[in-house]
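A structural walkthrough
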Amino acid sequence: MQIFQPRDVVPKIPRLLFSKNFDFEFELLPYRASGISRRKAANFFLAGLNQYLFPARPLGYPVVAQVEPANICNLRCPLCLTASLNKSRPPALLAYDTFARFIEDCGDWLLHLIFWNWGEPFLNPDLFRMIALARSRGIIVHTSTNGNVVLDEASAEALVDSGLSSLVFGIDGATQKTYEKYREGGRLDTVLANIEKVARIRRRKKASFPVINMRFVVMKHNESEIPLARELAAKLGVDYFSLKTVDMHPKMGDELDRAYAPDTKDYRRYAYEQNTYLRKAAPFKCMRPWKRITMDAAGYVIPCEYDYLNRHAFGNIQDTGALAAWKSDRGGAFRKAFHLGHNNFYLCRDCTYKNSVVDDCVVEKQIIAKNKSEWD
Ligand code: SF4
């Protein structure tokens, strides 16, 4: 959960200073940020001090961002907290101008952008244009899709041309029957056709990006299909196949865990009291409000993605700009009241990272067809 671990970063300093590259992992996959200016590098170290000092107003500027392209979705996955399901926020698509302002504010400092939150990113018609803008500032961009969107040849070309660094396709089953148990309203054949299309166009263009990651969220009803899904990944020519633990909101008690937690212990996010689905307490230390700037589709800078009710927004980018919201008094008051996640805010009390026994919510990656020129 730290911004960086000194033991990982220190050996990379010479390369960062002389080659201006920085290699890092996100969700177990390797990435390289290139062309890092001295200013950006200096900020990276300054921002790293936040993980020791925890000031109300963070030092430096954010190096990691999470931005929500859309808070609406075309599917009805039972555990998802999209606005369209819980009616907590007005449905919104991130406006291109709002995003452009965000990049103008933060682009000099960011190393990578996680371009998803709640909702389906590909429903935003300006998504690829926004990705290209972020890439033009040297920011590594990851996005994710349920793959149930219309992706014609022209859109798939625009996607590859955007320079997107990595793309997750979420499939949680290898047969339609299993897949639709969770991805309600989804069609597995549509997702598979879209994966195949992006892989084919990327090959045709001799492009190395996006790195394609077929992602399987492991649940009780689908764990038996993991071997079949691996075979599908190999056939489709993706780069990685990865397994993720299921995100279960603790508010509903152990019923959710009973229904969704897989039987295979290695794929569980939590350990349970014997013969129950009551989560065992585990050490927890959250640094999100310091380490990542998060903006929702309506332009609110929020403490983290789980503020899905938008109750603790630090400010709106339209009013103040992103960095001013990040360093605002409201943000400062939040951080002061925040005890590394051990607090009584509704979002942290019910945080799905609490009591997690895995370092990363992605627990396994398999290299299927490593793109030879990736990051060269
Ligand atoms: S809900 Fe609270 S504890 Fe969980 S990630 Fe967000 S800020 Fe951290």
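Residues numbered from 1 in each chain as written. Predicted model: local features only at pLDDT ≥ 70, side-chain atom pairs only at ≥ 80, totals over all residues.

Digging into the overall build of the protein chain
Secondary structure summary: the protein chain contains 17 helices and twelve strands in total. The globule rule puts the C-alpha radius of gyration for 376 residues at 21 Å, and the 20 Å found for the protein chain is close to it. Along the first, second and third principal axes, the C-alpha set of the protein chain runs to 50 × 50 × 45 Å. Split into buried and exposed, the 376 residues of the protein chain put 44% on the buried side. For the protein chain, contacts bridging at least 24 residues in sequence account for 71% of all contacts bridging at least 6. (Helix = DSSP H or I, 4+ residues; strand = E, 2+ residues; numbered from the N terminus. Rg over C-alpha atoms; globule rule 2.2 N^0.38 Å. Buried ≥ 20, exposed ≤ 12 C-beta atoms within 10 Å, placed from the backbone. Contact = placed C-beta atoms within 7 Å.)

Topic: helix α6 (residues 96–106)
Within the span of α6, buried status applies to Thr98, Phe99, Phe102, Ile103, Asp105 and Cys106. Seen end-on, α6 carries its buried residues on one side only, within an arc spanning 160°. (Arc of directions from axis to C-beta.)

A word on the site of the ligand
Every residue lining the ligand is accounted for by Cys286, Arg288, Pro289, Pro303, Cys304, Tyr306, Gly341, Leu347, Cys348, Cys351 and Tyr353. Elements with a contribution of two residues or more to the shell around the ligand: α13 (288–291) and α17 (346–349). Counted by class, the shell around the ligand contains nine nonpolar, one polar and one charged residues. (Near = placed C-beta within 6 Å. Nonpolar A, V, L, I, M, F, W, Y, C, P; charged D, E, K, R; others polar.)

A closer look at the sheet that holds strand β5 (residues 140–145)
Taking strand neighbours across the sheet as the criterion, the ten strands line up as β11-β10-β9-β3-β4-β5-β6-β7-β8-β12 in an open arrangement whose pairing is mixed. The strands lining the two open edges of the sheet, one partner per strand, are β11 (315–316) and β12 (362–367). Bridge analysis of strand β4 (residues 112–114) against β5 gives three bridges, and the strand direction is parallel. Of the residues in β5, the one forming a bridge with Leu113 is Val141. (Pairing = 2+ DSSP bridges.)

Structural notes on the pairing of strand β8 (residues 240–245)
Burial within β8 is extensive, with six of its six residues counted as buried. In this structure, strand β7 (residues 211–218) lies alongside β8, joined through six bridges in parallel fashion. Looking at β8, one finds that Phe216 is bridged to Leu243. Crossover connection from β7 via helix α11 (residues 226–236) to parallel β8: handedness right-handed. Bridge count for β8 against β12 is five bridges, and the pairing is antiparallel. (Right-handed = clockwise from strand over helix to strand, strands pointing away.)

Focus on the packing of helix α8 (residues 153–161) against helix α10 (residues 188–204)
Interhelical geometry of α8 versus α10 gives an angle of 60° and a closest axis separation of 9 Å. Taken together, the axes of α8 and α10 lie oblique to each other. Both α8 and α10 take part in a crossing whose hand is right-handed. Facing α8, whose interface residues are Ala156, Glu157, Leu159 and Val160, α10 presents Lys197, Val198, Ile201 and Arg202. Among the residues forming the contact of α8 with α10, the class breakdown is five nonpolar, no polar and three charged. (Axes fitted to C-alpha atoms, helices over the stretch in contact; angles between N-to-C directions. Parallel < 35°, antiparallel > 145°, perpendicular 65-115°, else oblique. Left-handed = near helix turned anticlockwise from the far one by under 90°.)

Some details on unusual backbone geometry
Note that the residue after Phe209, namely Pro210, is joined by a cis bond; omega there is 0°. One can find Pro210 in the loop between α10 and β7. Of note, Leu28 is a non-glycine position whose phi angle comes to about 75°, a positive value. Following the sequence through the fold, Leu28 ends up in the loop between β1 (22–26) and β2 (29–33). Positive phi, close to 50°, is recorded for Lys206, a residue that is not glycine. Residue classification places Lys206 among the exposed positions, given that 7 C-beta atoms sit within 10 Å.

Some words on helix α3 (residues 38–48)
Among the residues making up α3, those that are buried are Lys40, Asn43, Phe44 and Ala47. All buried residues of α3 lie within an arc of 110° about the axis, which places them on one face of the element. Those residues of α3 that are exposed and angled more than 90 degrees off the buried face are Arg38 and Ala42.

Points about the environment of Thr294
The topology assignment puts Thr294 in strand β9 (residues 293–295). It is 26 Å that separates the C-alpha atoms of Thr294 and Val218, two residues lying 76 residues apart in sequence. Those residues in contact with Thr294, other than ones at most four positions away along the chain, are Gln66, Val301, Ile302, Cys304 and Glu305.

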